[in-house]
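Remarks on the overall topology
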Amino acid sequence: NAAVATDKIADLAGSIAQSEVELKNATEIRDKEAVEFGTAEAELADGIDSLDRAVGILMKEVAKNPAALAQISTTSGVSAGVIQALGAFFDAAAFAGSDQKKLAAFVQAQQGAEDEDAELGAPAAAAYKSQSGGIVDVLEDMKEKAEGQLADLRKAEVDSKHNFDMLAQSLEDQLAADNKDMD
């Protein structure tokens with residue numbers, strides 16, 4: 001009986017050690033996931049906020065002066081600068097390359113259309129309002145996508161936290177049971 005008890009104690013000690021290691025490893029992984037989530041959440045939230053501000057500013061400028069977009073983009077060299085600035089913003093905000101290309105193509109198409117219009121005379125101010133709506137639509141679409149990504153990210157974080165909590169509880173229960181059996 002002493003040999004059986006010694007074997008049982010050794011098995012329990014091994015089980016306790018293994019559970020402690022698993023709990024420690026799971027905690028380290030969870031801590032890393034929480035940091036990654038915090039970083040990604042902050043970046044997406046900042047991108048959404050920036051898009052909100054960009055749409056607000058654009059709408060405000062167009063409301064004040066419907067031809068504002070034409071004035072900005074017909075100034076020589078500004079169109080390329082606008083495209084570069086928007087590209088840098090979207091790169092930093094981790095937006096999809098297709099969205100960046102879509103906006104850049106829109107701005108370039110606007111520039112090409114304005115160059116043609118300049119030869120024929122300036123178009124009516126109402127035309128600029130509809131074109132700015134295209135930019136607003138692109139920005140709003142990008143905002144919606146970012147909000148969807150943020151919602152998915154938050155749901156994944158809740159699921160990950162829940163799974164960790166369940167694993168930790170299971171391991172802690174196992175440790176408590178093994179420690180009780182050791183006594």
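The structure displayed is predicted, hence computed values, not measured ones.

A look at the overall build of the chain
Along the chain, the regular secondary structure elements total 5 helices and 0 strands. Written out in order from the N terminus, the α and β elements of the chain read α-α-α-α-α. Looking at the chain as a whole, 28% of its 183 residues qualify as buried. Accessible surface computed for the chain: about 11,300 Å², of which carbon and sulfur atoms make up 58%.

Things to note about the nonpolar core
One finds Leu51, Val55, Leu58, Val62, Ile135, Val136, Val138, Leu139 and Met142 forming the largest nonpolar core, which totals 9 residues. Of all the secondary-structure elements, those providing two or more residues to this core are α1 (2-64) and α5 (125-182). Take this core: its biggest share by element is 5 residues, from α5. By size, the runner-up hydrophobic cluster in this structure holds 7 residues, among which are Ile16, Ala26, Ala168 and Leu171.

So, the pattern of salt bridges
Under the counting rule described, the total for this entry stands at 10 salt bridges. With its nearest N and O atoms 2.3 Å apart, the salt bridge here joins glutamate 157 to arginine 30. In this pair, glutamate 157 sits in helix α5 while arginine 30 sits in helix α1, placing the two residues 127 residues apart along the sequence. Measuring nitrogen to oxygen at the nearest pair gives 2.7 Å for the salt bridge that ties lysine 143 to aspartate 52. Of this pair, lysine 143 sits in helix α5 while aspartate 52 is found in helix α1, placing the two residues 91 residues apart along the sequence. One continuous salt-bridge network, built from bridges that share partners, spans Arg30, Glu33 and Glu157.

Let's talk about the side chain of serine 19
As for its position among the elements, serine 19 is in helix α1. In contact with serine 19, not counting residues within four places along its chain, are Leu171, Gln174 and Leu175.

Comments concerning the environment of glycine 14
Tracing the sequence through the fold places glycine 14 in helix α1. The spatial distance from the C-alpha of glycine 14 to the C-alpha of aspartate 178 is 9.8 Å, given a sequence separation of 164 residues.

Examining the confidence of the model for the chain
Caution applies to low-pLDDT regions: their predicted coordinates should not be interpreted in detail. Mean pLDDT for the chain: 76, with 62% of residues reaching 70 or above. The spread of mean pLDDT over the elements of the chain runs between helix α2 (residues 68-74), the lowest at 50, and α1, the highest at 89. Note on residues 124-132: pLDDT is under 50 here. Beyond four places in sequence and across chains, it has 17 contacts.

Let's talk about the environment of glutamine 174
Looking at the secondary structure, you find glutamine 174 in helix α5. Along the backbone, glutamine 174 and isoleucine 16 are 158 residues apart, and their C-alpha atoms lie at a distance of 7.9 Å. Discounting chain neighbours no more than four positions away, the residues touching glutamine 174 are Ser15 and Ser19.

Definitions and cut-offs
- Residues numbered from 1 in each chain as written.
- Predicted model: local features only at pLDDT ≥ 70, side-chain atom pairs only at ≥ 80, totals over all residues.
- Heavy atoms only, no water.
- Helix = DSSP H or I, 4+ residues; strand = E, 2+ residues; numbered from the N terminus.
- Buried < 20%, exposed > 50% of the residue type's maximum accessible area, 1.4 Å probe, protein only.
- Areas by Shrake-Rupley, 256 points an atom, 1.4 Å probe, with all protein chains shown as cover.
- Core = buried A, V, L, I, M, F, W, Y, C linked by side-chain atoms within 4.5 Å.
- Salt bridge = Lys/Arg side-chain N within 4 Å of Asp/Glu carboxyl O.
- Contact = heavy atoms within 4.5 Å.
- pLDDT = per-residue confidence, 0-100.

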